[in-house]
Amino acid sequence: MEVLSLLGQGFATSLLPLNIGIVIVGVTLGLFIGAMPGLGSVNGVAIVLPLTFIVPPASAIIFLAALYYGAMYGGAISSILLGIPGSSTAVATTFDGRPMAQQGRAGLALIAAAVASFVGGTISVVLFTVFAMPLAELALKFGPAENFALVLLAFTTFVGLGGDDAFKTVAMICLGLVLSTVGLDLISGQPRLIFFDMPGFYAGISFLVLAIGVYGIGEVLWTVERSKVEPTVTPAKVTWAEMRAGFAVLSRTWKTMGVGSVMGFFVGMLPAAGATPASLMAYGIAKSTSREPDSFGKGNVEGVVAPETANNAASTGSLLPMLSLGIPGSPTTALLLGGMVMWGLTPGPMLFVEQADFVWGLISSLYTANLAAVLINLALIPVFVWALRMPFTVLCTLVLVLCIVGGFAPDQRMHDVWLILAFGVVGYLLRKADYPLAPLVLALVLGPVMERSFRQALISAQGDVTTFVTRPLSATFIGLALLFFMLPLLSRLWARRGGSRAA
C-alpha cells in the first residue's frame, strides 16, 4: 500500500501541465531521433542534455526519460521502412520488419512494433514500481567498501557480458578512469593531470563534453563515411481498418510479448547488457519456440513483436539500478546519471529517502510517457516517412550545430568546444578501430564514485585492504566481478575444448 501511496504522489508531480507538456515534447523528439539512422537514444540524450538546464531537475529527468522512451519506439521505424536500424537496439527488428514492408505490410509491421513497445514498456514499468523500494532498501546497507565493489562489478560486466573484445573494453575503461582523475584531487585538493597547465582542466573533464564529442561529432563522422548511397523509403500509412486487423493479429502473440517483456526487464537491469542483447535474446527465444521457425526472417510478425517488447522493457529495467544503486544499466542511463549529478542530485538509495517526490514523479511519468509514445507513434507515421527522406547532409549539419551549441552553453567556455571537437575525432577513430565507447563514458561518470569509495574504505579501515573481502556484500560483489572478468577467457577455453573434442 505504501508503494501505491507514493506512486499516487508521483502522479501529482508528473501530471502537472508543465510535465505533461515536457513528456509530449520529449516523446515526439525521441521518436524522430530514434527513427533517424545514425542517431539513437544515446546520441539524442547527449545532444539535448544541455537544454534541460532551463527547467527544474524533476522536469529535466522526466524530459530525458520521455526522450529515451520515444527513441526506443522510433528505432523500429527506420528498421522497417529503410531496412537500416535507427540504433543497435532495433537490429533484430530489421530481420522480419523489413521483409514485411517489402511484402506491402509496412503498416502492420509499424503497428506491431508500436503495440509491442507499449506492452513491453507497461509491463516493465509495473515491475519497476514493484522492485524499486526493495532494491533501494538493500542498497541502504552499503558502505564505502560495498560501493567500490559494486562499481567494480559494473565495469567487469562490460568485460564479461558486453559482447566486445575484452582487451579493448578494459582499455576503454582504463582510459575513462584516467580522464575522470583530471582536475583537483578529491581529498588533498592538489591538481592532477593538468595538461600543459591549461586552466580549463582544473575543473576536470565534464562527462557532457565527452558524451557530445564521441556520440555526437564522432557519430556524425562515422555515419558520413558509411552513407555513400541514399536508401529508399518504403511508403507506409496506417488506417483504422489496418489497425483493427493488426490488433487481431497481435492478439495471438501475447505469449511472445509476455516473455519478451519480463526477460527484457531483468536483462536490462544488468550493467553492460541493456536493450540490444535483450532484443536479440527475445528474438532467438521466439524463433526457437515458434511452431513455424522457418518463417522467421521472411516476414513473421512475431519477429517484430519479440525484439520490440524486449528492448523497451530493457530500457526501463536499466533505469532501476541507476536510481536505486547509482549504477547505470546502459550507455543512455550513464548519461542520465551524469545529468542528475550535474543537477545536484545523488543517485542511490538515499535518493528514495531525501528526494521521494523526484523519484516517484519520474516513475509515474514513465506510465504517461509510454502511453504518449504509442499514440504519437501511430499518429505521426506519415510524418516519419516524410522525415526519413530528408537529405542526410541537412541532418548532419543540424546535429553538428546542436553539438557545438550544446557543449558551449552550460559553462560558456571555448575550452569545452575544443575538447568536444577533439573527442569527436578520437571517438570516430575509436569506432573505426572497433573500440566500444560505452565503457569510456561509464568510467568517466563512475570513476569519481569508485575513487571516493575506495579511499573512504581504506581510511576507515586504517589502510587494511582486507576490508573489501571481510564484509559479506563487498566480498560477494568482488567475487562476481572476478567471475565476469574471467568469463571471456573461460569461454575461449571452453570453445577450444569443444573444438578439440570434435576433431
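These remarks concern the structure in this document. Remember, it's a predicted structure, so these values are computed and weren't measured experimentally.

**With respect to the overall build of the protein**
A tally of helices and strands in the protein yields 23 helices and 2 strands. Here the protein holds 503 residues, and 55% of them are scored as buried. Residue pairs in contact within the protein that sit at least 24 positions apart in sequence constitute 79% of those at least 6 positions apart. A total accessible area of about 21400 Å² is found for the protein, and carbon and sulfur atoms account for 69% of it.

**Topic: the pattern of salt bridges**
A complete count under the given rule lists 6 salt bridges for this structure. Among the ionic pairs, Arg413 bridges to Asp416, the shortest N-O distance being 3.0 Å. The class of Arg413 is partly exposed, set by a relative accessible area of 24%. Overall, the relative accessible area of 3% leaves Asp416 in the buried class. It is possible to trace a salt-bridge network through shared partners that takes in Asp185, Arg192, Glu451 and Arg455.

**Quick word on the nonpolar core**
Counting residues in each nonpolar core, the largest one holds 149 residues, and the members touching the most others are Val27, Met340 and Leu446. Ranked by residues supplied to this core, first place goes to helix α6 (residues 106–139) with 18 residues. For Met340, the residues in contact, after removing those within four places along its chain, are Ile61, Met322, Leu323, Leu345, Pro347, Leu351 and Phe358.

**Quick notes on the packing of helix α5 (residues 91–102) against helix α13 (residues 302–317)**
Contact pair α5 / α13: the axes reach a minimum separation of 8 Å and the direction vectors enclose 145°. Seen from above, α5 lies across α13 with left-handed handedness. From α5, Ala92, Thr93, Asp96, Gly97 and Met100 reach across to α13, where they touch Gly303, Val304, Pro307 and Glu308. When its residues are assigned to classes, the contact of α5 with α13 shows 4 nonpolar, 3 polar and 2 charged.

**Structural notes on the environment of Val301**
Counting through the fold element by element, Val301 comes out in the loop between α12 (275–289) and α13. For Val301, a relative accessible area of 11% gives the class buried. Residues Val301 and Ala112, spaced 189 residues apart in sequence, show a C-alpha to C-alpha distance of 7.1 Å.

**Some words on helix α8 (residues 166–180)**
With 15 residues, α8 ought to run about 21 Å at 1.5 Å a step, and its terminal C-alpha atoms sit 21 Å apart, in line with that. Taken as a whole, α8 has its buried residues at Lys168, Thr169, Met172, Ile173, Gly176, Leu179 and Ser180. Along the axis of α8, the buried positions cluster into a sector of 140°, meaning they face one direction only.

**A look at empty space enclosed by the protein**
Within the structure shown, the criterion is met by 2 cavities of 30 Å³ or more. The calculated volume of the second largest cavity comes to roughly 40 Å³. What lines the second largest cavity is simply Leu6, Gln9, Gly10, Thr13, Ala356, Asp357 and Trp360. Elements with a minimum of two residues in the lining of the second largest cavity: α1 (2–14) and α17 (356–379). Considering every element that reaches the lining of the second largest cavity, the biggest residue donor is α1, with 4 residues. Its residues placed into classes, the lining of the second largest cavity shows 3 nonpolar, 3 polar and 1 charged.

**Details of the environment of Leu127**
As for its placement among the helices and strands, Leu127 is situated in helix α6. The sequence separation of Leu127 and Ser261 amounts to 134 residues, and the corresponding C-alpha distance is 9.9 Å. When sequence neighbours within four positions are dropped, the list of residues in contact with Leu127 reads Val262 and Phe265.

**Here we look at unusual backbone geometry**
Even without a glycine there, the phi angle at Leu193 is positive, about 50°. Here Leu193 is to be found in the loop between β2 (191–192) and α9 (207–226). Note on Leu193: relative accessible area 39%, which makes it partly exposed.

**Quick look at the side chain of Ser315**
Residue placement: Ser315 occurs in helix α13. Of the residues examined, Ser315 reaches a relative accessible area of 1% and is grouped as buried. The contacts of Ser315, once residues within four sequence positions are left out, are Tyr68, Tyr69 and Met72.

**As for helix α4 (residues 57–81)**
Over its 25 residues, α4 runs 36 Å from end to end, which matches the ideal 36 Å to within 8%, given 1.5 Å per residue. Counting buried positions along α4 gives 23 out of 25 residues, so the element sits mostly inside the fold.

**Here we look at the layout of surface pockets**
Empty space within the second largest pocket amounts to approximately 1000 Å³. For the second largest pocket, the lining is made up of 43 residues, of which Val341, Val445, Pro448, Val449 and Arg452 are closest to its centre. Every element with two or more residues in the lining of the second largest pocket is listed here: α7 (144–161), α8, β1 (183–184), α15 (331–342), α16 (349–354) and α21 (438–460). The dominant element in the lining of the second largest pocket, judged by the number of residues it contributes, is α21, at 9 residues. Its residues placed into classes, the lining of the second largest pocket shows 27 nonpolar, 13 polar and 3 charged.

The rules behind these values
- Within each chain, residues carry numbers counting from 1 in the order of the written sequence.
- Restriction of local features to residues with pLDDT of at least 70 applies here, the model being predicted, together with a cutoff of 80 or more for giving and counting side-chain atom pairs; totals for whole chains, interfaces and linings are based on all residues.
- Only hydrogens and water are removed before side-chain values are computed, so all heavy atoms of the structure are retained for them.
- Numbering of helices and strands runs from the N terminus, with a helix taken as a DSSP run of H or I at least four residues long and a strand as a DSSP run of E at least two residues long.
- We call a residue buried when its accessible area falls under 20% of the maximum for its residue type, exposed when it is over 50%, and partly exposed in between, using a 1.4 Å probe and counting protein chains only.
- We call two residues contacting when some pair of their heavy atoms lies within 4.5 Å.
- Surface accessibility in these figures is a Shrake-Rupley result with a 1.4 Å probe; residues are shielded only by whichever protein chains are displayed.
- We define a salt bridge as a contact between a side-chain nitrogen of Lys or Arg and a carboxyl oxygen of Asp or Glu at a distance within 4 Å.
- Throughout this description, the term nonpolar core refers to a set of buried Ala, Val, Leu, Ile, Met, Phe, Trp, Tyr and Cys residues connected via side-chain atoms within 4.5 Å.
- Axes here mean lines fitted to C-alpha atoms, for a helix over just the part in contact, with angles spanning 0 to 180 degrees between N-to-C directions.
- By definition, any crossing whose near helix is turned counterclockwise from its far helix by less than a right angle is left-handed, and any crossing with a clockwise turn is right-handed.
- Residues are sorted three ways: Asp, Glu, Lys and Arg are charged, Ala, Val, Leu, Ile, Met, Phe, Trp, Tyr, Cys and Pro are nonpolar, and all the rest, Gly among them, are polar.
- The span you would expect from a helix comes to 1.5 Å times its residue count less one.
- The arc in question is formed by the directions pointing from the helix axis toward the C-beta atoms.
- Within this scheme a cavity is a closed region of a 1 Å grid, computed over the protein atoms alone, that accommodates a 1.4 Å probe without allowing it to escape, whereas a pocket is open but has protein on both sides within 12 Å along at least five of seven lines; lining residues each have an atom within 4 Å of a point.
- Grid points are joined across faces, edges and corners, and a volume is the space filled by probe spheres set on the points.

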